[in-house]
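Notes for the structure review
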Amino acid sequence: MKRVIRASIFFVGLVLAWQALYLTHFWSPVLVPSPLSVIQYLVGAATDGTLGAAIVVTLRRLLYGYAFGIAIGLPVGFLTAHFRVLKDTIGLLALGLQTLPSVCWVPLALLWFGQTESAMFFVVVMGTIWSVIIATEDGVRNLPPIYARAAHTMGSHGLHTWTRVILPAALPYIVGGMKQGWAFAWRSLMAAEIYVTILSGFGLGFLLNNGRELNAMDEVIGIMLVLLLIGVLADKIIFAPWERMLRRRWGTAK
Amino acid sequence: MTVTAELQNEVPAKLSVQSVSKSFRTKDGAVQALDRVSLDVAEGEFVCLLGPSGCGKSTLLNIIAGLESADQGQVIGDGGPITAPGRDRMMMFQESALFPWLNVRKNVLFGLKLKPGLRRKERINVADFYLKLVGLEKFQRSFVHELSGGMKQRVALARALAPNPRVLLMDEPFAALDALTREQLYGDLQRIWQERKKTIVFVTHNVREAVCLGDRVVLFSAHPGRIREEFRIDLPRPRDINSVELARHATAIMASLKGHAPETAAVSE
């Protein structure tokens, strides 16, 4: 409770400081709008449905691509960890492509797929998959071999060992990789949405760029706040419970 | 299968190691870990393999477990030559090798779930029985990192006992524990061995530990790994590691060790 109060005071103070800056009229109100006008924009966009629709479009793109990236990345990571020949080929490729900022996939995706949902999907998958492959491979390779040996003496082998021993044992690494993949995918999707308009769905990136084109700073700041909130919520809802579970079981204090 | 049937003991097994050889390739060339080692373990016997590090005693244990294969020779278990791990032979390691993502009870259940013919409720009853046997019934829901080193090895013991194997293979299971905890576990292990009538092959480099636990102490020498000598220990049980009688046996074995090659100096009393 004390932490909630402390955080509330901090953020209320931040908004008050913003309001004070606005009232000095040192900058043009076109560049620094009042907190109230940003809230008015958000309420308006929420009531006429554009905001909700944009959130749905963006999150749908993100989740589809992310889920696909994990579904492919996990098994590929297991395979590259298991077969040296795959580590030397696909593993190396993944390492190289992971160092590539995932935004760099956007031009290629647009040329390959045009201004379509497929291009967005592709960009998100490319943001996710390499991090997941590398983290999974790292996790599996760093496991103490004693786990698998102990499991074998108890009659576990093959797929059972992989799903019941190696996967859970590598989970701390895998969750780390999934988190990084999420961050990369989220950033590259925003870049793609700002960069190009896709008529089949107007995401948050489109609204952000739209605000710039209309010189509507309230819209720009409003959408940025929404993006920020989604980022925080994703961390709290998707990853924090996993990390809590890992800390509790492994006893690692982070 | 009922819990009563599951908890019932079968006749203990007998192992026969027949002229087993095994060498490893290292950067410094081939190392002969085992050289034509032969050893018979009787039903219900407690055999300690004693020797310096690198004498191949752990390798032999791994071969008996079916985790490694011999270059030459074979190990005969109940059902013929051993080629793979089996539920009739459970292994305990120096590190507990417990799974941190499972709580204590689920660790014990891991091997039971792989044993066919048991229902969920029965498995839980069996797991609880063994956790009680090692004195940890109050820690079923704890996670591994919450346990002390001695408690971890108790859970590992319960996990190894749970599928009701006839042979228990123990690879320096107490080496990383403090002396006090170790002494408690010597008592517990002797009690459990007598109660559950297991055949135990126990690897150690500690002479007193070997004398305290074993019916027979088999002395290994290194490079190449061979059986040097065997000692029968006829002391009454339960044995106290600090007893004078036990120390006398240990001293005799120690003297025999020192009479051999200098590499045996790595053995601790």
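In this text, all values refer to a predicted model and were calculated from it rather than measured experimentally.

Some thoughts on the overall build of chain B
- Per the secondary structure count, chain B includes eight helices and ten strands.
- Relative to a compact globule of 269 residues, whose C-alpha radius of gyration would be 18 Å, chain B shows 18 Å and is just as compact.
- Principal-axis analysis of the C-alpha atoms places the extent of chain B at approximately 55 × 40 × 35 Å.
- In chain B, once contacts between residues fewer than 6 apart in sequence are set aside, the share between residues at least 24 apart is 72%.

Observations regarding the nonpolar core
- Val123 of chain A together with Ile64, Ala158, Leu169 and Val201 of chain B are the most contacted members of the largest nonpolar core, which totals 121 residues.
- Here this core takes 14 residues from helix H6 (residues 117-141) of chain A, the largest share from any one element.
- Look past the residues within four positions of Val123 of chain A in its chain and what remains in contact with it is Trp105, Val106, Ala109, Ser188, Leu189 and Ala192 of chain A.

Details of the sheet that holds strand S10 (residues 226-232) of chain B
All names here are of chain B.
- Spatially, six strands are ordered S6-S7-S8-S3-S9-S10 in an open sheet, and the strand pairing comes out mixed. Because the sheet does not close on itself, it has two edges, and the strands there are strand S6 (89-92) and S10. Strand-to-strand twist of the sheet, defined as the mean angle between neighbouring strand axes without regard to direction, takes the value 20 degrees.
- Here four bridges tie S6 to strand S7 (residues 167-171), and the two strands are oriented parallel to one another. Within S7, the position partnered with Met92 by the bridge is Met170.
- Against the sheet, helix H5 (residues 149-161) touches S6 and S7, its axis set at about 170 degrees to S6.
- Lying on the sheet, helix H8 (residues 244-259) is in contact with strand S9 (216-221) and S10; it crosses S9 at an angle near 15 degrees.

Quick look at the environment of Ser96 of chain B
Residues and elements named next belong to chain B.
- Residue position: Ser96 is located in the loop between S6 and helix H3 (104-113).
- C-beta crowding within 10 Å serves as the criterion here: with 24 such atoms nearby, Ser96 is assigned to the buried category.
- The sequence separation of Ser96 and Arg191 amounts to 95 residues, and the corresponding C-alpha distance is 20 Å.
- Filtering out sequence-adjacent residues up to four positions away, Ser96 remains in contact with Lys152, Gln153, Val155 and Ala156.

Quick word on the interface of chain B and chain A
- Contact residues are listed per partner, giving 19 residues for chain B and 16 residues for chain A.
- Counting only elements with at least two residues in the side of chain B that touches chain A, the list comes to S6 and H3 of chain B.
- In terms of residue class, the side of chain B that touches chain A is built from 14 nonpolar, two polar and three charged.

Details of the pairing of S7 of chain B
Residues and elements named next belong to chain B.
- In terms of burial, S7 is largely enclosed, as five of its five residues are buried.
- The alternating pattern of S7 places Val167, Leu169 and Asp171 and Leu168 and Met170 on opposite faces, both of which are buried.
- Relative to strand S8 (residues 199-204), S7 is paired through five bridges, and the arrangement is parallel. Looking at the pairing, Val167 lines up with Thr199 of S8.
- As a crossover connection, the stretch from S7 through helix H6 (residues 179-196) into S8 is right-handed.

Description of H6 of chain B
All names here are of chain B.
- A rise of 1.5 Å per residue sets the reference length of H6, with its 18 residues, at 26 Å; its end C-alpha atoms lie 25 Å apart and thus fit the reference within 8%.
- Inspection of H6 places Arg182, Leu185, Leu189, Ile192 and Trp193 among the buried residues, and these make up the whole buried set. End-on, the buried residues of H6 take up no more than an arc of 100 degrees, which puts them together on one face. Residues of H6 that are exposed and point more than 90 degrees away from the buried face comprise Leu180 and Glu195.
- Residue Lys197 follows H6 closely and has a positive phi angle near 50 degrees.

Reading the values: rules and limits
- Residues numbered from 1 in each chain as written.
- Chains lettered and ligands numbered in written order.
- Predicted model: local features only at pLDDT ≥ 70, side-chain atom pairs only at ≥ 80, totals over all residues.
- Helix = DSSP H or I, 4+ residues; strand = E, 2+ residues; numbered from the N terminus.
- Rg over C-alpha atoms; globule rule 2.2 N^0.38 Å.
- Contact = placed C-beta atoms within 7 Å.
- Core = buried A, V, L, I, M, F, W, Y, C linked by C-beta atoms within 7 Å.
- Buried ≥ 20, exposed ≤ 12 C-beta atoms within 10 Å, placed from the backbone.
- Pairing = 2+ DSSP bridges.
- Axes fitted to C-alpha atoms, helices over the stretch in contact; angles between N-to-C directions.
- Nonpolar A, V, L, I, M, F, W, Y, C, P; charged D, E, K, R; others polar.
- Right-handed = clockwise from strand over helix to strand, strands pointing away.
- Expected span 1.5 Å × (residues − 1).
- Arc of directions from axis to C-beta.

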